[in-house]
Amino acid sequence: MSVAYRILYRLGVTPWEQIANLPDVTERISALFAREEAGREPPYGPALDLGCGSGIWAVRLAARGWQVTGIDDVPKALRRARERAHEADVGLRLVKGDVTRLRATGVGSGFRFLLDFGLFHDELKDDQRAAMARGVSEVAAPGATLLMLAWAPGRRGPLPRGASRAEIEAAYRTWRVIDEEALDPSGAPLYRYVRNADPRFYRLRRAA
Ligand SMILES: C[S@@+](CC[C@H](N)C(=O)[O-])C[C@H]1O[C@@H](n2cnc3c(N)ncnc32)[C@H](O)[C@@H]1O
């Protein structure tokens, strides 16, 4: 259980959610989702949101026609995700559990599309990152895509330490980074304070 996230959700301090209020960012993320759907009709298949938090992106994915499971280890975040899914009138399966022990959570398997917006790059130690990546590899379908949002590495006190492409590749040994794109989140107040975040989307493909 992440004590820091538990406290932040209890206080209602969730600055990472600010990007969801930026139309250019949400359009960009929609385009990244659309890329995984190209040439197919809904339902698109099982998707897994790792560290889904209050469900912002899980709900948007579900509304597009994915069968989404969200996992997080903070009950308050999951309660908000449940409400959000209800408000949007979409189905969303929610699992409380630790992504560094993914199989033990009973999250399921065969996921074709996986999101990690802000988990891997944060407070996990290197061995936990590797454990998470092993679990993700086990539950992902052959040829699955993982879309990760991560900050550049940096010393930022209690804020995320970030992850380089090399660090991501070192953990995700059976995956290949097939795309890397910078995100401009400058409209979000958080990023006025954290100027060296340099957030990026990494698109990883698991071997088929
Ligand atoms: C920066 S927040 C991002 C939340 C969500 N992806 C979003 O973009 O709004 C990171 C999330 O990862 C969750 N988390 C951190 N460590 C975790 C772990 N070991 N297992 C499951 N969830 C974890 C936190 O509770 C938090 O909701």
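Data block above holds the structure.
Rules of the game
- Along every chain, residues carry numbers that run from 1 in the direction the sequence is written.
- The predicted origin of the model limits local features to residues at a pLDDT of at least 70 and limits the giving and counting of side-chain atom pairs to 80 or more, whereas totals for whole chains, interfaces and linings rest on all residues.
- Values shown for side chains rest on all heavy atoms present in the structure; no hydrogens or waters enter the calculation.
- Under the scheme used here, helices are H or I runs from DSSP no shorter than 4 residues and strands are E runs no shorter than 2 residues, and both carry numbers assigned from the N terminus.
- The criterion for an aromatic pair is that two Phe, Tyr or Trp rings (for Trp, the six-membered ring) have centres within 6.5 Å, with stacked assigned to planes under 30 degrees apart, edge-to-face to planes over 60 apart and tilted to the rest.
- Using a 1.4 Å probe on the protein chains alone, a residue whose accessible area is under 20% of its type maximum counts as buried, one over 50% counts as exposed, and one in between counts as partly exposed.
- Whether a charge sits over a ring comes down to the Lys NZ or Arg CZ being within 6 Å of the ring centre and within 35 degrees of the ring normal.
- Two strands form a pair only when DSSP identifies at least two bridges running between them.
- With axes taken as lines fitted to C-alpha atoms, and helix axes fitted only over the stretch in contact, angles between N-to-C directions fall between 0 and 180 degrees.
- Residue contacts are counted whenever heavy atoms from the two residues lie within 4.5 Å of one another.
- As used in this record, nonpolar core signifies buried Ala, Val, Leu, Ile, Met, Phe, Trp, Tyr and Cys residues forming a set joined through side-chain atoms within 4.5 Å.

A. Molecular detail of unusual backbone geometry. Here the amide bond leading from P42 into P43 is cis, since omega sits at 5°, within 30 degrees of zero. Positionally, P43 belongs in the loop between helix 2 (23-37) and strand 1 (45-50). You will see that D89, though not glycine, has its phi angle at about 60°, which is positive. You can see D89 is positioned in the loop between helix 4 (75-88) and strand 3 (93-96). A positive phi angle, close to 45°, is found at D198, a residue other than glycine.

B. Inspection of the packing of aromatic side chains at higher detail. Here the structure, examined in full by the defined rule, presents 11 aromatic pairs. Between Y172 and W175, the aromatic rings sit 5.7 Å apart at their centres with planes inclined by 85°, giving edge-to-face as the arrangement. This pair shows no difference in class: Y172 is buried, exactly as W175 is. Among the aromatic residues, those joined into a cluster by ring pairs are F33, Y44, W66 and F113. Note that R129 overlies the ring of F120, its terminal NZ or CZ placed 4.6 Å from the centroid.

C. Summary view of the sheet that holds strand 6 (residues 175-182). Strand order in the open sheet made by the seven strands is 3-2-1-4-5-7-6, with mixed pairing throughout. Edge positions in the sheet fall to strand 3 and strand 6, since each has one partner strand and no second. If you compare each strand with its neighbour and ignore which way they point, the axes differ by 20° on average. Bridge analysis of strand 5 (residues 140-150) against strand 7 (residues 200-206) gives six bridges, and the strand direction is antiparallel. Paired with M148 across the strands is Y202, a residue of strand 7. Relative to strand 3, helix 4 is tilted by about 175°, and along the sheet it contacts strand 2 (66-72) and strand 3.

D. Region of interest: the nonpolar core. The biggest cluster of nonpolar side chains holds 37 residues, and the ones touching the most others in it are I19, F33, W57 and F117. Elements with a contribution of two residues or more to this core: helix 2, helix 3 (56-64), strand 2, helix 4, strand 4 (111-117), strand 5 and helix 7 (189-193). Ranked by residues supplied to this core, first place goes to helix 3 with six residues. Excluding residues that lie within four positions of it along the chain, F117 makes contacts with I29, F33, L50, W57, L147, L149 and F201. Counting residues in hydrophobic clusters, the runner-up holds 29 residues, among them V95, A140, M148 and I168.

Remember that the coordinates give geometry; whether it matters functionally is a separate question.
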